[in-house]
Amino acid sequence: MCQVVEEYPDQLERADLPSVSKKCGKCKEASTAVVIRTADTYCRGCFKEYFVHKFRATLGKNRIIFPGEKVLLAVSGGPSSCAMLNQVQEGLNQNAHKKLRFLPGIIYIDEGCAVNQTVEERQRKVSELQAVFKAAGFPFHIMPLEQVLDLPNSVVVAAPSPSEQLASTYKAAVDHFIQAKRSNDLTAQDQEETSVPYVQESHTQRLQQLIGSAKTLTAREDLLNTLKQHLLVHIARSKGYSKLMLGDNCTRLAVKLLTSISLGRGAQLAQDTGFSDSRYGDIIVVRPMRDYSANEIASYNHMFNVPCVVIPSLNTKTPDRASVHCLTESFVTKLQVDFPSTVSTIYRTSEKLQTAGRSSISTNLCDRCLLCMCTMDTAVEKASAFQATQVSTQLSQAKPTGSKNTGPEQPTASGQCCSGAGTEGCGSGVGCCSSASVKTPDLKSLLCYSCQLTIKDMLSVEHLPAYILSEAQRRLRRFRMREDISEFLLDDGDEGGDV
Amino acid sequence: MPVLCSACTEKRAVLKRPKTGHSLCKECFFWAFEEEVHYTIVAAQLFKPGETVAIAASGGKDSTVLAHVMKLLNERYSYGLKLMLLSVDEGITGYRDDSLETVKRNQEQYELPLKIVSYEELYGWTMDAIVKQVGLKNNCTFCGVFRRQALDRGAIILKVDKICTGHNADDVAETVLMNVLRGDVARLRRCTAISTASEGEGVVPRCKPLKYSYEKEIVLYAYFKKLDYFSTECIYSPNAYRGYARTFLKDLESIRPSSIMDIIHSGENLCVREGVKMPVQGTCKRCGYISSQALCKSCVLLEGLNRGLPKLGIGKHHRLHDKILSQQPLTEKEERKLKSVDF
Ligand SMILES: [Zn+2]
Ligand SMILES: [Zn+2]
Ligand SMILES: [Zn+2]
Ligand SMILES: [Zn+2]
Ligand SMILES: [Zn+2]
């Protein structure tokens, strides 16, 4: 009968038609303006109160942002990050109840080059956003994604995190902030007029070449996310911010969680989808919108005229099956229609997970993936999916030992590289493999499981930004050095604190 | 120009491996497939020499290939295992008769002893009779719960040390997805384990030697080896929600063939936050089988069937367990709630 033995007794409940009652479920007076899930109906006033309260409560509960701290809001122009910006504005309002007490700034990354927008189109979007940012009254930074080509190596090196921030230090910071406040009035801050840096056409081309070198949309999206993340962290660092706020909402995170699972990123799920992510050490990523559904945000933005700017992304106008990301998104969206608890259920899963990283944050570079900077997940036991895949690949290439050709292992000379002509296709044979592999480093050993998949989907890694390639070379040199002297090292693991 | 096998580089390739994309000849594919299972068995230390191992045989492709490969590897590498086949007869007219015939043919081919345990002899109910009472909507709940226990009971009758099941990589990946969709962290953590230790009395340790074998490669193996199997999906409709997960997995695989392994890798590396409540495994007060409640699922289902209250085991009615155990009658209101079943 059924192949799978585990039983799943209670079916998830299917969607019932909402029975909309006329009155607000909260105050029972005003008439309903919004329906969040079937049970919750709100009038305009109560909805705003509920929405605003949730934002403060999320930040308050997690106590991760210190008073007076500089916080960089990543605003993409989409509904979710614009609602986040709006909430920060509301919260900093002089007469707000439970006022927010951090110092916000805004970053917008112009990804126009990834979707082949013209310079004019990009400029137009940028000026639309500029207007929104000016109205918000916070300092803002606008960066073209091309900037990622000029990042320093330090970006992919996790900086040591400032000492554990405990509840007591939080309180001290509050006191300090209240005292310091009088002299340093928030509203007096002048906006930094950042005109759009001039983008060199050659930079745009180089970046497009890099994105184009990924053969699949899945790899392209993964790579783009990674690069964008690097740029965000770099800007936060160089402008003196210590927190980076992302606008990921609950719906987005549910999709992200399922995407991450599908891409082999199980070990880093908690960081990818949790409230905070400390993989970069000194810059902590925070997701204050994670308790809102996409619907709630859309209703709020609509009702309270929160401005948004539509920005096309890499997977706009692509079919469902174009990439793992697209497929997962459409899968979750469709399932949510039939089973309205889908998103919240997946999302709750993320709260029960934690990062696999052994105990504290290790500063040992070799433990971190060169690209996503998560703790490496490839040093697994023999009986594992990772090892099983390696074995499968070996068995499909090398000669099965014991059959006709007796010499069991003589792979290097002719066999290894060019023999798999069927798939690899380096056909003609004249020094085909050797020449290419010398210049570009073999990144595999420096990458986590999932980033290896991304790189595997790339025609070549030579278009990767210099900061990644040179850091790779540096790590490989360290590896080799370590190997050479391994017999003299007494303590393994400790790298002598080099960063 | 014919494509040459990428392993021996001599013979003509007859297939493209779904798992790795390599083109292989028949012999090299057989070799790779078998060696991978062997690697898994050795790496995960699934068996000890001298053990008696029951292969859960349904007559389907997975268990047929499992039986074939287990017998072959046991001889090739002298595992020293005593193998036998264990089948469950759920009592489904048409479906089971045919598949049991297949199992019986396998028994002769592989010269392995076969034991068939039936729902009827274990529970007093055939699946046909159950479906008559509970309808088609929930029958897979029964089928899953009863099957799990039936294998254990059969294994105990046969006095085997372990049961190996035909779960393949697709099944495991699908279960990971299912558990994420259902937010079931406890199962999510357990479902990628390749073997389960004996969790209590009446439970025989289980393992999945085909855990890293792709379903498509299992079919390819059976096809080229001309193995005889019975290929029919369960005639009573399978769990609809699992169907979504299955379709999603197939779509993922078509985008990136390694997805199946990638999901298993994810599952193997998940970490559950400390302090998240995990159900405590105890034993059933009636039959002694493992259960996190006073009564195991199977006993609750049976009670429901015998009392004509099929919904008893389908919803969550833990409060009623004590009543059932002490044989107290249910109130009229409780009865009414448990009786109606929509077909
Ligand atoms: Zn109201
Ligand atoms: Zn990585
Ligand atoms: Zn061959
Ligand atoms: Zn069934
Ligand atoms: Zn029981």
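Everything numeric in this text was worked out from a predicted model, so none of it was measured.

1. Focus: the overall build of chain B
Tallying secondary structure elements over chain B gives 14 helices and eleven strands in all. By sequence separation, contacts in chain B at least 24 residues apart represent 68% of the contacts at least 6 residues apart.

2. Comments concerning the sheet that holds strand β7 (residues 276-277) of chain A
Strand pairs in the sheet, formed through backbone hydrogen bonds, run parallel or antiparallel to each other. Residues and elements named next belong to chain A. Pairing is mixed in the open sheet, where six strands are placed in the order β5-β4-β3-β6-β8-β7. Only two strands of the sheet have a single partner each, and these edge strands are β5 (140-144) and β7. In this structure, strand β3 (residues 70-74) lies alongside strand β6 (residues 243-245), joined through three bridges in parallel fashion. In the strand pairing of β6, L72 is matched with L244. Across the sheet, helix α2 (residues 79-92) lies against β3, β4 (103-110) and β6, angled at about 150° from β3, the strand it touches most.

3. What about the confidence of the model for chain B?
This prediction gives chain B a mean pLDDT of 85; 88% of its residues lie at or above 70. With a pTM of 0.85, the predicted complex shows an ipTM of 0.86.

4. Some details on the coordination of the zinc ion (ligand 5)
All names here are of chain B. Here the zinc ion (ligand 5) is held by C284 (SG), C287 (SG), C296 (SG) and C299 (SG), and the distances to it run 2.2 to 2.3 Å. Around the zinc ion (ligand 5), the four donor atoms are arranged such that angles at the metal cover 105 to 113°; this shape is classified as tetrahedral. One chain supplies every donor for the zinc ion (ligand 5), spaced along it as C-x2-C-x8-C-x2-C. Highlighted residues: C284 in the loop between β10 (282-283) and β11 (290-291) and C296 in the loop between β11 and α12 (297-307), separated in sequence by twelve residues. Classification of C296 as buried rests on a relative accessible area of 1%.

5. Considering the sheet that holds strand β8 (residues 206-207) of chain B
Residues and elements named next belong to chain B. Pairing is mixed in the open sheet, where six strands are placed in the order β5-β4-β3-β6-β8-β7. The open sheet is flanked by β5 (114-118) and β7 (195-196), the only strands paired with a single partner. Here five bridges tie strand β3 (residues 52-56) to strand β4 (residues 82-89), and the two strands are oriented parallel to one another. Bridge pairing links T52 to K82 in β4. Sheet contacts for helix α2 (residues 61-76): β3, β4 and β6 (162-164); angle to β3, the most-contacted strand, approximately 155°.

6. A few points about unusual backbone geometry
Residues and elements named next belong to chain B. Of note, T9 is a non-glycine position whose phi angle comes to about 55°, a positive value. Here T9 shows up in the segment before β1 (15-16). Positive phi outside glycine occurs at E111, with the angle close to 50°. Its place among the elements puts E111 in the loop between α3 (95-110) and β5. Judged by relative accessible area, which is 66%, E111 ranks as exposed.

Procedures and definitions
- Residues numbered from 1 in each chain as written.
- Chains lettered and ligands numbered in written order.
- Predicted model: local features only at pLDDT ≥ 70, side-chain atom pairs only at ≥ 80, totals over all residues.
- Heavy atoms only, no water.
- Helix = DSSP H or I, 4+ residues; strand = E, 2+ residues; numbered from the N terminus.
- Contact = heavy atoms within 4.5 Å.
- Pairing = 2+ DSSP bridges.
- Axes fitted to C-alpha atoms, helices over the stretch in contact; angles between N-to-C directions.
- pLDDT = per-residue confidence, 0-100.
- Donors = N, O, S within 2.8 Å, 3.2 Å for Na, K, Ca; no water.
- Tetrahedral: all angles 85-135°; square planar, octahedral: opposite > 155°, others 65-115°.
- Buried < 20%, exposed > 50% of the residue type's maximum accessible area, 1.4 Å probe, protein only.

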